[in-house]
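# Structure assessment
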Amino acid sequence: MAEKKSFDSLILGITIGFLLPLAIFLVVYFTKYNSGVYIYLGLKNMLSTIVPKVMSLCAIANRIPFYIFLQTSRMQSVKGVLIGTVIVAALVFLVFLLF
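Here goes a summary of the coordinates provided. (Residues numbered from 1 in each chain as written. Predicted model: local features only at pLDDT ≥ 70, side-chain atom pairs only at ≥ 80, totals over all residues. Heavy atoms only, no water.)

### Details of the overall build of the protein
- Secondary structure summary: the protein contains 5 helices and 0 strands in total.
- Ordered by position from N to C terminus, the α and β elements of the protein give α-α-α-α-α.
- Within the protein, buried positions represent 30% of all 99 residues.
- Here the contacts in the protein between residues at least 6 apart in sequence split such that 80% fall between residues at least 24 apart.
- Of the accessible surface of the protein, which amounts to about 6,800 Å², a share of 74% is contributed by carbon and sulfur atoms. (Helix = DSSP H or I, 4+ residues; strand = E, 2+ residues; numbered from the N terminus. Buried < 20%, exposed > 50% of the residue type's maximum accessible area, 1.4 Å probe, protein only. Contact = heavy atoms within 4.5 Å. Areas by Shrake-Rupley, 256 points an atom, 1.4 Å probe, with all protein chains shown as cover.)

### Some points on the nonpolar core
- By size, the foremost hydrophobic cluster in this structure holds 11 residues: Phe25, Tyr29, Ile50, Val51, Val54, Met55, Cys58, Ala59, Val88, Val92 and Val95.
- Of all the elements in the fold, those that place two or more residues in this core are α1 (10-33), α3 (43-59) and α5 (75-98). (Core = buried A, V, L, I, M, F, W, Y, C linked by side-chain atoms within 4.5 Å.)

### Topic: the packing of aromatic side chains
- The full count for this structure, using the stated rule, is 1 aromatic pair.
- On the numbers, 5.3 Å between centres and 75 degrees between planes, the contact of Phe66 with Tyr67 is edge-to-face.
- Look at Tyr67 and you get partly exposed, because its relative accessible area is 47%. (Phe/Tyr/Trp six-rings, centres within 6.5 Å; stacked < 30°, edge-to-face > 60°.)

### Quick notes on α5
- For α5, which comprises 24 residues, the first-to-last C-alpha distance of 35 Å matches the rise-based estimate of 34 Å (1.5 Å per residue) to within 8%.
- Residues Ser77, Val78, Gly80, Val81, Gly84, Val88, Val92 and Val95 constitute the buried set of α5. (Expected span 1.5 Å × (residues − 1).)

### So, the side chain of Arg74
- Among the secondary structure elements, Arg74 is positioned in the loop between α4 (63-71) and α5.
- The side chain of Arg74 is buried and forms no salt bridge, while Asp8, the nearest opposite charge, is found at 6.1 Å.
- Of the polar contacts made by the side chain of Arg74, one reaches the backbone oxygen of Ser6; its length is 2.7 Å.
- Excluding its chain neighbours within four sequence positions, the residues that come into contact with Arg74 are Lys5, Ser6, Phe7, Asp8 and Phe69. (Lys, Arg positive; Asp, Glu negative; His and termini not counted. Salt bridge = Lys/Arg side-chain N within 4 Å of Asp/Glu carboxyl O. Polar contact = N/O pair within 3.5 Å; in protein donor to acceptor, adjacent residues only side chain to side chain.)

### A word on the packing of α4 against α5
- It is the contact of α4 with α5, at a shortest axis distance of 8 Å, that shows an interaxial angle of 160 degrees. Here α5 runs roughly antiparallel to α4, going by the angle between their axes. Seen from above, α4 lies across α5 with left-handed handedness. Contact with α4, carried on its side by Pro65, Phe66, Phe69 and Leu70, involves Met75, Ser77, Val78, Val81 and Leu82 of α5 and no other residues of that element.
- In terms of residue class, the contact of α4 with α5 is built from 8 nonpolar, 1 polar and no charged. (Axes fitted to C-alpha atoms, helices over the stretch in contact; angles between N-to-C directions. Parallel < 35°, antiparallel > 145°, perpendicular 65-115°, else oblique. Left-handed = near helix turned anticlockwise from the far one by under 90°. Nonpolar A, V, L, I, M, F, W, Y, C, P; charged D, E, K, R; others polar.)

### Side note on the environment of Phe18
- Inspection of the secondary structure assignment puts Phe18 in helix α1.
- As for Phe18 and Thr85, which are separated by 67 residues in sequence, their C-alpha atoms are 6.6 Å apart.
- Once residues within four sequence positions are removed from consideration, Phe18 is found in contact with Gly84, Ile87, Val88 and Leu91.

See the structure below:
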């Protein structure tokens with residue numbers, strides 16, 4: 001039986017795949033879009049135009065851990081990153097539909 005590699009876990013991949021786009025979204029949101037101007041535009045307008053676009057761009061950041069895990073043959077972590085990316089894509093789709 002092959003020895004299990006460190007950092008090869010489905011839970012680790014899901015965590016990275018979900019939290020990395022979330023962290024990037026928060027950084028982008030609080031540095032670029034957190035001003036008084038957007039309060040006047042209205043929350044619904046902001047949710048329907050800005051948030052889905054920024055969230056979908058943040059999901060692209062999952063390519064980095066995906067390729068690192070893929071090159072180091074950590075397939076469980078690769079699967080987890082893909083699952084996390086699908087979760088983020090589903091959230092983007094829901095935000096886009098609801099607002």
